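Letter by letter, the chains look like this.
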Amino acid sequence: MMKLDFDDWNIHVGTPHPFNARVSPAIDNGTGRPDPCRYHDRAFMREEWEKVFAKSWLLAGPASDIPESGDFFTFDVGPESFIVVRGDDGAIHAHYNVCPHRGSRLVTADFGSLDRFTCPFHSWKFDLEGRNVAVTDPETFRPEVLCHDRNLTSVRCEVAVGLVFICMDPQIEPLKQWLAPILPHLELYDIDRMYVVQHRRSDWGANWKGGVDAFAEIYHLHAVHPQTQCLMDDRTQIDLWPGGLSRQFVPFAQPAARYGDQETVNPGIQSMLRDAGIDPETYNGTAAETRRAVQVAKRRRSADLGLGYERFSDSQLSDSVVYGLFPNAQIGCHPEAIFLHRFIPHASDPNQFTYDTCILYRHVDAPGYSAPAWMGLGEDTDLSGATRPEIVHTGLGEPPGLGEVLDQDSDLLPIVQAGARSRGFRGPLWSEQEGRLRHFHAELDRRMEAGV
Amino acid sequence: MNYDPRSWTVHKGSDHPFDQAAPAIDNGTARPDPVRYTSPEFFAREWDEVFARTWLLAAPSSDILEPGDWVKFDTGPESFIVVRQADGSVAAHYNVCPHRGSRLVTGEMGSQDSFTCPFHSWRYGIDGHNQKVTDAETFRPEVLCHGTDLTSVRAEEAAGLVFINMDEGARPLAEFLAPILPMLETYGMDRMHVVQHRRSDWAANWKGGIDAFYESYHLHAIHPQTMGVIDDRTHIDLFPHGLSRQFVPMAQPNSHFPDHERINPGIAMLLADAGVDPDSFTGTAMESRAAVAHAKRERAARIGLDYSHFSDAQLTDATIFGIFPNTQIGCHPEAVFLHRFKPHAGDPEQFTYETTILYRHVDAPGYGAPGWMGLGADVDVTGATRPEVVHTGLGEPPGMGEVLDQDSDLLPIVQAGARSRGFRGPLWGEQEARLRHFHVELDRWLEG
């Protein structure tokens, strides 16, 4: 039976490790029930943009997407678009993707590599640092007009653990200061040595916070994703830090407590054994013992291949360790790969968001080493990092094509959104299993109550 | 045509009390601001002041006969579960889980002894009380103290129909319907069952739908094919609180139709429906209506149906009741048509037209649904199988016959005009008195 006090859950198996330690002191976010207008009200959404998105560090993309000078990607969020580019100086810069002449977007591609940016409207040109290098027919402008400033408008841009963040607020605290509580954790995964091997985007009929909420708890697994119960436990450990940061362990290779058969090595468990290099045919443990077996096998493989898993706790080897970064990023971490999840608000409609997910993989060219099968990377995926895959975008109402679990989520979220708009709904009732949701909304409220 | 449609002789020679005119109500001659058809602000106010406070037709009682039988009733941004209780009464709950807001049911109807949320499997009894909070021990007690039951709304039944009302303080349904309830009761809807149920999305404000279905003035222009068989000379009665009725004489050519003598194919079909052989019928087209009434009364006597409470007009005509805000019921002895004009969840320029045919099955030779009702050969009229709801999207023909396809083509172009700054508001004739009566009632609620 689950307990209200998470300290009693003790989900870890294997050798005790400081990484697994609970954060203390625990943060108490109370028991309030927020007004559900936050999920559908247009005025709330406009204010949220100004007070939250315009004043927070936003995950723009992995630095490994732009290794060379002139490499850029575009980062679209809400009504804005940014160009994130590696400068001639080797530093990464971010500019509004907006020509100062008449406002046109400068680039419309997802990625590219350029010496400079040329506006498609009147061919004004800008260097990688955003300085104007050509005004077409400058003699036809009165000097006072050009004095208004013709450079691109840049925003704060900083890199941590191989990930690029931008912020529209020049006064924001340094990225690493905000991320400090979890930065040493994220550093263990060497994200700067990983590459994007899959990148998908899909539009969902719900508020972006409906997406954050659904991905920040595993209380719904038994109901929405019953097929995961045989190999994923919903007993969890949740840790909260100031600034809306959080993490959660999701034990893999272990049936949920709700699952009837804790003995049989079911096909899901078999697949996880194989991923760790164990032959399920010769494995003689139970399903409930598999998680530990996976940990031991992965540690042995690390010793054989020199992967340096000494830095990881046993739980990190078997489980998904999911970090929540306020406002809209979640990072699911595994030794082999990490998942960047972003819940991107629509430009104007509170009843829509875009779910953006990137898989970053650490390529190891060794026999028996590969991406775990459950990650669903197809045969045609280039795991070497030599080719950056295209972004696949699916529209509203289309199944995102990200596997059964995400198709189930994308079916569910619009019906949760519909309820949030009902006059019969008075606001969510969050359990302690949903502690990260309450923590996220408490931070949101703190920002909304602050002045612009 | 006469200025006062109540003096039109659609009930010539009748002294039946059902046909008596109601006391006149004068709704004036004003031209309302057409912003009511287009403005998002007006639309939002209408939801809060009208839809959230009035009785809305949710379903026929015959769809939920046994305890646990439920239908989902969606309207505007809301969805309700309307469910029969163990004691035979009807309850309605917001189709919203109080935990995180998820819809509880997504199907159209069913039968269950409890409702389980698809998100985290919280469970509720049919009375809306919480039966299970999954992992209740992981909630702090103060959280669950906010309330874990479904939120219910008023649900009442009259004349075999279930209505719901989001306003706790609303007056009883039977009191609101009082002026027309005895009339509706003559049709025995509680003994009818659904034989066709269609829903289609139209690109117009819901009141554009109400307006079009509230008058037969447009028949000659939009539906000229009906002129040989449906008269546009009518009888309109208005009752307080936005209730109304109108007789649409059938089996009688239109005032604009040139040939009032010959038995045209439409008239021939209506005669045949009533059991009169058109080939041996010696009367004129104008005499067919009386012949149909007579034949139906004879048939009823023969097969033991009690038609004594019906006037002749009820036997032949469509007697259409208007129930504020968005329901119209077209009544015939054999069947009734429930028409609902449902506002869109957020767009004032879209609505969903929903129509349900309720049929009284009589297992007797020569008795059947009139051919003009368009029930296909594959329709089970016995009531043994409840047909699926067929839903057509925006721009698709509703597939409900030529007349409705013509209406669905027309309404978006009327809506477009309502948006024009060159349009200053509708000019309603007395043939359109039910429109004015409806809009006056709407204004009364909005000014409320």
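> What should I look at first to understand the overall build of chain B in this one?
Across its full length, chain B carries 11 helices and 18 strands. In terms of overall dimensions, chain B has a C-alpha envelope of 80 × 55 × 40 Å along the principal axes. Across the 448 residues of chain B, 47% fall into the buried class. Contacts in chain B between residues far apart in sequence, at least 24 positions, make up 62% of those at least 6 positions apart.

> What is the right way to look at the overall build of chain A in this model?
Counting its regular elements, chain A contains 11 helices and 18 strands. Relative to a compact globule of 452 residues, whose C-alpha radius of gyration would be 22 Å, chain A shows 23 Å and is just as compact. Principal-axis analysis of the C-alpha atoms gives chain A an extent of 80 × 55 × 40 Å. Considering chain A as a whole, with its 452 residues, one finds that 45% of them fall into the buried category.

> Help me understand the nonpolar core in this model?
Soluble globular proteins tend to bury their nonpolar side chains together. A:V84, A:I166, A:L360, B:A58 and B:V82 are the most contacted members of the largest nonpolar core, which has 215 residues in total. Aside from chain neighbours lying at most four places away, what touches A:I166 is A:L58, A:A60, A:F75, A:F82, A:V84, A:A94, A:V155, A:R156 and A:C157.

> I keep staring at the sheet that holds strand β3 (residues 80-86) of chain A and nothing clicks. Help me out?
One key point about sheets: their strands pair by backbone hydrogen bonds, in either a parallel or an antiparallel sense. All names here are of chain A. The strand order β1-β10-β9-β4-β3-β2-β5 describes an open sheet built from 7 strands, whose pairing is antiparallel. Only two strands of the sheet have a single neighbouring strand rather than two, namely β1 (58-62) and β5 (111-113). Averaged over all pairs of adjacent strands, the angle between their axes in this sheet comes to 30°, without regard to strand direction. In this sheet, strand β9 (residues 154-160) lies alongside strand β4 (residues 92-96) in antiparallel orientation, the contact comprising 2 bridges. Among the inter-strand pairings, A94 is bridged to a residue of β9, identified as V155.

> Can you help me understand the packing of helix α5 (residues 206-213) of chain B against helix α10 (residues 402-418) of chain B in this one?
For any two helices packed against each other, the geometry comes down to the angle between their axes and how far apart the axes lie. All names here are of chain B. Interhelical geometry of α5 versus α10 gives an angle of 125° and a closest axis separation of 10 Å. On the basis of the axis angle, α5 is oblique to α10. Pair α5 / α10 crosses with right-handed handedness. Here α5 contributes G208, G209 and A212 to the contact with α10, which in turn contributes D407, L411, V414 and Q415.

> How do you make sense of the confidence of the model for chain B when you look at a structure like this?
Where the model shows low pLDDT, its predicted coordinates should not be examined in detail. Model confidence for chain B is summarised by a mean pLDDT of 94, while 98% of its residues fall at 70 or above. Interface confidence in the predicted complex, given as ipTM, is 0.88; pTM for the same model is 0.92.

> How should the pairing of strand β14 (residues 320-325) of chain A be read in this particular structure?
A regular strand carries its side chains on alternate faces of the sheet. Residues and elements named next belong to chain A. For β14, the tally of buried residues reaches 5 of 6 residues, placing the bulk of the element in the interior. The pairing of strand β13 (residues 245-250) with β14 spans 5 bridges and is classified as antiparallel. Residue pairing across strands places R247 opposite Y323, the latter belonging to β14. Where β14 hands over to strand β15 (residues 329-333), the hairpin turn is made up of 3 residues, counted between the paired strands.

> Would you mind going over the sheet that holds strand β18 (residues 392-394) of chain A with me for this structure?
Residue and element names in this part refer to chain A. One open sheet holds the 8 strands; their spatial order is β12-β13-β14-β15-β16-β17-β11-β18, and the pairing between them is mixed. Looking at which strands have only one partner, the edges of the open sheet turn out to be β12 (237-241) and β18. Here the strands of the sheet are splayed against their neighbours by 15° on average, with no regard to which way each runs. As judged from the 5 bridges shared by β15 and strand β16 (residues 337-345), these two strands associate in the antiparallel manner. In the strand pairing of β16, I331 is matched with L340.

> Hey, could you run me through unusual backbone geometry in this one?
Residues apart from glycine generally show negative phi values, whereas peptide bonds are mostly found in trans. All names here are of chain A. The step from S24 to P25 runs through a cis peptide bond, and the omega angle for that step is 5°. Counting through the fold element by element, P25 comes out in the segment before α1 (42-51). Cis geometry is found at the peptide bond from F326 to P327, where omega equals 0°. Following the sequence through the fold, P327 ends up in the loop between β14 and β15. A positive phi angle, near 50°, is found at D190, a position not held by glycine.

> Hey, could you run me through the interface of chain B and chain A in this one?
The extent of an interface is frequently quoted as the accessible surface area lost upon association of the parts. The interface of chain B with chain A comprises 30 residues on the first partner and 29 residues on the second. Broken down by secondary-structure element, the contributors of at least two residues to the side of chain B that touches chain A are β3 (78-84) and α2 (141-144) of chain B. At 3 residues, α2(B) tops the list of elements feeding residues into the side of chain B that touches chain A. Its residues assigned to classes, the side of chain B that touches chain A comprises 12 nonpolar, 11 polar and 7 charged.

> Can you help me understand the environment of B:P343 in this one?
Residues and elements named next belong to chain B. In this structure, P343 sits in strand β16 (residues 335-343). Overall, the presence of 24 C-beta atoms within 10 Å leaves P343 in the buried class. When near neighbours in sequence (up to four residues on either side) are disregarded, P343 contacts W47, F51, G76, W206 and F351.

> Explain the pairing of β1(A) here, please?
All names here are of chain A. With 5 of 5 residues buried, β1 lies mostly within the body of the structure. Inspection of the sheet shows β1 paired to strand β10 (residues 163-167) by 4 bridges, in the antiparallel sense. The partner of P62 across the bridge, within β10, is L163.

> Looking at this structure, how should I read α5(B)?
Every α-helix winds through 3.6 residues per turn, so residues three or four apart in the chain are directed the same way. Residues and elements named next belong to chain B. Summarising burial for α5: 8 of the 8 residues are buried, a large majority. Within the span of α5, buried status applies to W206, K207, G208, G209, I210, D211, A212 and F213. The inward-facing, buried residues of α5 abut β11 (193-202), β15 (327-331), β16, β17 (351-359), α10 and α11 (433-447).

> How do you make sense of the packing of helix α7 (residues 267-275) of chain A against helix α8 (residues 290-305) of chain A when you look at a structure like this?
Residues and elements named next belong to chain A. Contact geometry of α7 with α8 gives a least axis separation of 9 Å together with a crossing angle of 15°. When the interaxial angle is binned, α7 and α8 end up roughly parallel. In this structure, α7 meets α8 at a crossing whose hand is left-handed. Residues I269, M272 and L273 of α7 form the contact with α8, whose own contacting residues are T290, A293 and V294. The class makeup of the residues in the contact of α7 with α8 is 5 nonpolar, 1 polar and no charged.

> Just checking my understanding: could you explain the environment of A:S384 for this structure?
Residue and element names in this part refer to chain A. Its location among the elements puts S384 in the loop between β17 (353-361) and β18. Judged by the 11 C-beta atoms lying within 10 Å of it, S384 is exposed. Each C-alpha atom, one on S384 and one on H363, is 5.7 Å from the other, the two residues being 21 residues apart in sequence.

> For this particular structure, what's the right way to read α11(B)?
With 15 residues, α11(B) should cover 21 Å at 1.5 Å per step; its first-to-last C-alpha distance of 21 Å lies within 8% of that length. For α11(B), the secondary structure elements touched by its buried residues are α1 (40-51), α5, β12 (235-239), β13 (243-248) and β14 (318-323) of chain B.

> Looking at this model, I keep getting lost on the environment of A:H225. Mind explaining?
Residues and elements named next belong to chain A. With respect to the helices and strands, H225 occurs in the loop between α6 (221-224) and β12. A count of 18 C-beta atoms within 10 Å places H225 in the partly exposed class. Each C-alpha atom of the pair H225 and D407 lies 10.0 Å from the other, and the pair is 182 residues apart in sequence. Setting aside chain neighbours within four positions, we find H225 in contact with V405 and Q408.

Criteria and thresholds
- Numbers given to residues run from 1 along each chain, matching the order in which its sequence is written.
- The naming scheme follows written order: chains are lettered A onward, ligands numbered 1 onward.
- Local features in this predicted model are restricted to residues whose pLDDT is 70 or higher, and side-chain atom pairs enter the listing and the counts only when it is 80 or higher, whereas totals over whole chains, interfaces and linings include all residues.
- Secondary structure elements are defined from DSSP: runs of H or I of at least 4 residues count as helices, runs of E of at least 2 residues count as strands, and each element is numbered from the N terminus.
- In this scheme the burial state of a residue depends on its C-beta neighbours within 10 Å: 20 or more other such atoms mean buried, 12 or fewer mean exposed, and anything in between means partly exposed; the C-beta positions come from the backbone.
- Residue pairs qualify as contacts under a 7 Å threshold applied to their C-beta atoms, which are placed from the backbone.
- All radius of gyration figures rest on C-alpha atoms, and the globule criterion is 2.2 Å times the number of residues raised to 0.38.
- A set of buried Ala, Val, Leu, Ile, Met, Phe, Trp, Tyr and Cys residues, joined to one another through C-beta atoms within 7 Å, is what we call a nonpolar core.
- Criterion used throughout: strands pair if DSSP finds at least two bridges between them.
- Between N-to-C directions, angles cover 0 to 180 degrees, with each direction set by a line fitted to C-alpha atoms, over the stretch in contact for helices.
- Orientation labels follow simple angle bins: below 35 degrees gives roughly parallel, above 145 gives roughly antiparallel, 65 to 115 gives roughly perpendicular, and whatever is left gives oblique.
- We call a crossing left-handed when the near helix sits turned anticlockwise from the far one by less than a right angle, and right-handed when that turn is clockwise.
- Per-residue confidence from the predictor is reported as pLDDT, which spans 0 to 100.
- Under the scheme applied, nonpolar residues are Ala, Val, Leu, Ile, Met, Phe, Trp, Tyr, Cys and Pro; charged residues are Asp, Glu, Lys and Arg; polar residues are all the others, including Gly.
- The length a helix should cover is 1.5 Å for every residue beyond the first.

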